[in-house]
Amino acid sequence: DKNLENAEEAAEQFKLIQAAYDVLSDPQERAWYDNHREALLKGGVDGDYQDDSLDLLRYFTVSCYSGYGDDEKGFFTVYRQVFEKIAKEELEYMTLEDIEEFPMFGYSHSDYDTVVHPFYAYWQSFCTQKNFAWKEEYDTRQASNRWEKRAMEKENKKTREKARKERNELIRQLVAFIRKRDKRVHAHRKLVEEQNAEKTRKAEEFRRQQKLKQAKLAEQYKEQSWITMSDLERELQEMEAQYEKEFGDGSGGEDELQEQETKGIEDKLDDETEEAEFVDGLYCPACDKLLKTEKAMKNHEKSKKHREMVSLLRQQLEEEEGKFPLSLDDADGIQTKEEEETEDIRKQKYFK
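Residues numbered from 1 in each chain as written. Predicted model: local features only at pLDDT ≥ 70, side-chain atom pairs only at ≥ 80, totals over all residues. Heavy atoms only, no water.

(A) Seen up close, the overall build of the protein chain. Scanning the protein chain from N- to C-terminus turns up 11 helices and 2 strands. Counting across all 352 residues of the protein chain, residues that qualify as buried make up 20%. Residue pairs at least 24 apart in sequence account for 57% of intrachain contacts in the protein chain once pairs closer than 6 positions are excluded. Here the protein chain displays about 27700 Å² of accessible surface, and carbon together with sulfur accounts for 51% of that area. (Helix = DSSP H or I, 4+ residues; strand = E, 2+ residues; numbered from the N terminus. Buried < 20%, exposed > 50% of the residue type's maximum accessible area, 1.4 Å probe, protein only. Contact = heavy atoms within 4.5 Å. Areas by Shrake-Rupley, 256 points an atom, 1.4 Å probe, with all protein chains shown as cover.)

Written as structure tokens, this is what we have:
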């Protein structure tokens, strides 16, 4: 209505806008379009799509470069341009949030730690961002039901994953091919080997010096110990001579030592006798029981069993006195003898 002089062209543009609106308003149509966007923009998905990705197979040969310089056909220039094109292709399939910086190949004089090593570390584990939707065999929009659609999506996913894996392997193999011929890598490897050899040599030299030092210290220590022992022996001989001169030949020392040992044994026996006498005060002859403390002895004397044993012992003594009447002197003598025997038995039991 605003392009009356060009109504036919305006009508065609309006149809395209209407079709785009229909696609965006349908969630399924919109999801399918998002997955096939690159294929649609580059010719469609009906077999007309032309994959313009860089052909990497022609770079697996030494004939693609000439020499190892930075000139136009040189090794570093050719492969630097190859990875710049690969990075540019990957950027087309990334969103603004996913965009990352790709380490580049560098030049013949590039530093290994800042350029060469980061490049190989990244590209040896490279994963492409391309979805390879143009490799799909089935158009899910043509499915008659949801089960058929799911089967199509499953087969299409397998096809895309296979294409993505092949692309990743191809780029990683190219990186391995280049690294094997990179002079910067060879120079760094040689430098590392020289450094390792130098470290090994220094370690061996340090170990040899330590052994020599330890051997020297051991020799000095042995000589000093020999001198010290000689001095000690001489001093001991002088001391022995002085003691013999002052106290004789030392024979009296043995008698004195024997006397000290005898005295120690007698003191020990006296202590044991005193201890036995102390313990006898805690012995119950009626029950034939040895108690440890006075409190235990008092509790024992109050017990029913103790009183029964005392009564039994008293009855037995009275019966014996009735059978064998004795005079007072004889009874005292026998009682004294029995008390001594009882005391001997108590001591034997205690020492046992």
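(B) Seen up close, the side chain of Ser110. Looking at the secondary structure, you find Ser110 in the loop between helix H4 (75–91) and helix H5 (112–123). Engagement of the side chain of Ser110 in a polar contact is seen with the backbone nitrogen of Tyr107, the distance being 2.7 Å. Discounting chain neighbours no more than four positions away, the residues touching Ser110 are Val115, Val116 and Arg184. (Polar contact = N/O pair within 3.5 Å; in protein donor to acceptor, adjacent residues only side chain to side chain.)

(C) The packing of aromatic side chains, seen in detail. In total, this model carries 20 aromatic pairs according to the counting rule given. Relative to Phe119, the ring of Phe105 has its centre 5.2 Å away and its plane inclined at 75 degrees; by these criteria the two rings are edge-to-face. In this pair, Phe105 sits in the loop between H4 and H5 while Phe119 sits in helix H5, placing the two residues 14 residues apart along the sequence. Positioned above the aromatic ring of Tyr120 is the side chain of Arg179, whose terminal nitrogen or guanidinium carbon lies 5.7 Å from the ring centre. (Phe/Tyr/Trp six-rings, centres within 6.5 Å; stacked < 30°, edge-to-face > 60°. Lys NZ or Arg CZ within 6 Å of the ring centre and 35° of its normal.)

(D) A negative patch on the surface, seen in detail. There is a patch of like negative charges on the surface, built from Glu318, Glu319, Glu320 and Glu321. Within the secondary structure layout, Glu319 lies in helix H10 (residues 304–323). A residue is classified by how much of its surface remains accessible, and Glu319, at 46% relative accessible area, is partly exposed. (Patch = residues over 30% accessible without salt bridge, like charges linked within 9 Å, V, L, I, M, F, W, Y side chains within 5 Å. Salt bridge = Lys/Arg side-chain N within 4 Å of Asp/Glu carboxyl O. Lys, Arg positive; Asp, Glu negative; His and termini not counted. Charge placed at Lys NZ, Arg CZ, Asp CG, Glu CD.)

(E) Region of the structure containing the packing of H4 against helix H6 (residues 146–181). H6 packs onto H4 with a crossing angle of 160 degrees between their chain directions and a minimal axis gap of 12 Å. Relative to H6, the element H4 lies roughly antiparallel. Of the two possible hands of crossing, H4 and H6 adopt the one that is left-handed. Contact residues: H4 offers Phe75, Tyr79, Val82, Phe83, Ile86 and Glu89, while H6 offers Arg167, Ile171, Leu174, Val175, Phe177, Ile178 and Arg181. Its residues assigned to classes, the contact of H4 with H6 shows 10 nonpolar, no polar and 3 charged. (Axes fitted to C-alpha atoms, helices over the stretch in contact; angles between N-to-C directions. Parallel < 35°, antiparallel > 145°, perpendicular 65-115°, else oblique. Left-handed = near helix turned anticlockwise from the far one by under 90°. Nonpolar A, V, L, I, M, F, W, Y, C, P; charged D, E, K, R; others polar.)

(F) Representation of the pattern of salt bridges in the model. By the definition in use, this model includes 8 salt bridges. Residue Glu89 is joined to Arg167 by a salt bridge in which the shortest nitrogen-to-oxygen separation is 3.4 Å. Note that Glu89 is positioned in helix H4 and Arg167 in helix H6, a separation of 78 residues in sequence. Arg167 matches Glu89 in its accessibility class, with the two residues each being buried. One salt bridge in this structure joins Arg208 and Glu205, with 2.7 Å as the shortest N-O distance. Separated by 3 residues within a single helix, Arg208 and Glu205 lie in helix H7 (residues 183–247), roughly one turn from each other. According to the relative accessible area criterion, Arg208 is partly exposed, its value standing at 42%. One network of salt bridges, with partners in common, ties together Glu89, Lys130 and Arg167.

(G) Structural view of the packing of H5 against H6. Where H5 contacts H6, the two axes come as close as 9 Å, and the packing angle between them is 145 degrees. Across the interface between the two elements, Tyr112, Tyr120 and Trp123 of H5 pack against Ile171, Arg172, Val175, Ile178 and Arg179 of H6. Residue composition of the contact of H5 with H6, grouped by class: 6 nonpolar, no polar and 2 charged.

(H) Region of the structure containing the nonpolar core. Of all hydrophobic cores here, the largest spans 29 residues; its most connected members are Tyr79, Trp123 and Ile178. Residue contributions to this core peak at 8 residues, all from H4. (Core = buried A, V, L, I, M, F, W, Y, C linked by side-chain atoms within 4.5 Å.)

(I) Fine view of the side chain of His306. The topology assignment puts His306 in helix H10. Sequence-distant contacts of His306, defined by excluding residues within four places in its chain, comprise Cys284, Cys287, His300 and Glu301.

(J) Local environment of the environment of Glu294. Within the fold, Glu294 resides in helix H9 (residues 294–301). For the pair Glu294 and Leu282, spaced 12 residues apart in sequence, the C-alpha to C-alpha distance is 6.7 Å.

(K) Representation of the confidence of the model for the protein chain within the structure. Scored by pLDDT, the protein chain comes out at a mean of 77, with 72% of its residues at no less than 70. The spread of mean pLDDT over the elements of the protein chain runs between helix H8 (residues 252–280), the lowest at 55, and H5, the highest at 92. (pLDDT = per-residue confidence, 0-100.)

(L) Structural detail: the state of the cysteines. A complete count under the given rule lists 0 disulfides for this structure. Cys287 takes part in no disulfide bond, and the closest cysteine sulfur to it belongs to Cys284, at a distance of 3.8 Å. (Disulfide = S-S within 2.5 Å.)

(M) Summary view of H5. Within H5, the full set of buried residues consists of Tyr112, Val116, Phe119, Tyr120 and Trp123. One side of H5 holds all its buried residues, which, seen down the axis, span an arc of 105 degrees. With respect to the buried face of H5, the exposed residues turned more than 90 degrees away are Asp113 and Thr114. (Arc of directions from axis to C-beta.)

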